[in-house]
Amino acid sequence: MTQKYRAAAQDDLIWHELDSMTLLYHRTSGITHMLADPAPAILEVMEGLSLSAAQIAAQLTATYEIEADIDSEDIVLARLEELCGLGLVAHVTG
């Protein structure tokens, strides 16, 4: 079975854009995170949905100009695991 992920509820997040970074305050933990691309885009794609890394990569590829020779699914998967470690994304069972 393909692993799916769910982002923290949008009501629990406060976003602030800074040049090339995004500050993201997570109300539940009380922690402000500094995120670089593609992490903010991944969270935006996931809003309210349980998705696999492949589904997120496909959506990002459709939205942004991503080179064909880049394995976007591996990049998304690595960022998802980092976001899980920060408590901004969770593994979904079932």
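These numbers come from a predicted model, not from an experiment.

Asker: Lay out the pattern of salt bridges with the relevant residues and their values.
Answerer: Applying the stated rule across the entire model yields one salt bridge. Here R79 and E82 are joined by a salt bridge, their closest N and O atoms 2.9 Å apart. Here E82 and R79 lie together in helix α3 (residues 72–86), a separation of three residues that amounts to about one turn. Its relative accessible area of 23% is what places R79 among the partly exposed residues. With relative accessibility at 44%, the residue E82 sits in the partly exposed group.

Asker: Describe a nonpolar patch on the surface, with residues and values.
Answerer: A surface patch of nonpolar side chains, amounting to about 320 Å² of accessible area, comprises Y64, I66, I70 and I75. Mapped onto the elements of the fold, I70 is located in the loop between α2 (53–63) and α3. On the accessibility criterion, I70 (36% relative accessible area) is partly exposed.

Asker: Residues and numbers for α3, please.
Answerer: With 15 residues, α3 extends 21 Å from end C-alpha to end C-alpha; this agrees with the ideal 21 Å at 1.5 Å per step. For α3, the complete set of buried residues consists of S72, V76, L80, L83 and C84. Mapping the buried residues of α3 onto a view down its axis gives an arc of 110°, with all of them on the same face. Where α3 is buried, its residues meet β1 (4–7), β4 (31–36), α1 (39–46), α2 and β6 (89–92). At the exit of α3 stands G87, carrying a positive phi of roughly 85°.

What counts and what doesn't
- Residues numbered from 1 in each chain as written.
- Predicted model: local features only at pLDDT ≥ 70, side-chain atom pairs only at ≥ 80, totals over all residues.
- Heavy atoms only, no water.
- Salt bridge = Lys/Arg side-chain N within 4 Å of Asp/Glu carboxyl O.
- Helix = DSSP H or I, 4+ residues; strand = E, 2+ residues; numbered from the N terminus.
- Buried < 20%, exposed > 50% of the residue type's maximum accessible area, 1.4 Å probe, protein only.
- Patch = residues over 30% accessible without salt bridge, like charges linked within 9 Å, V, L, I, M, F, W, Y side chains within 5 Å.
- Areas by Shrake-Rupley, 256 points an atom, 1.4 Å probe, with all protein chains shown as cover.
- Expected span 1.5 Å × (residues − 1).
- Arc of directions from axis to C-beta.
- Contact = heavy atoms within 4.5 Å.

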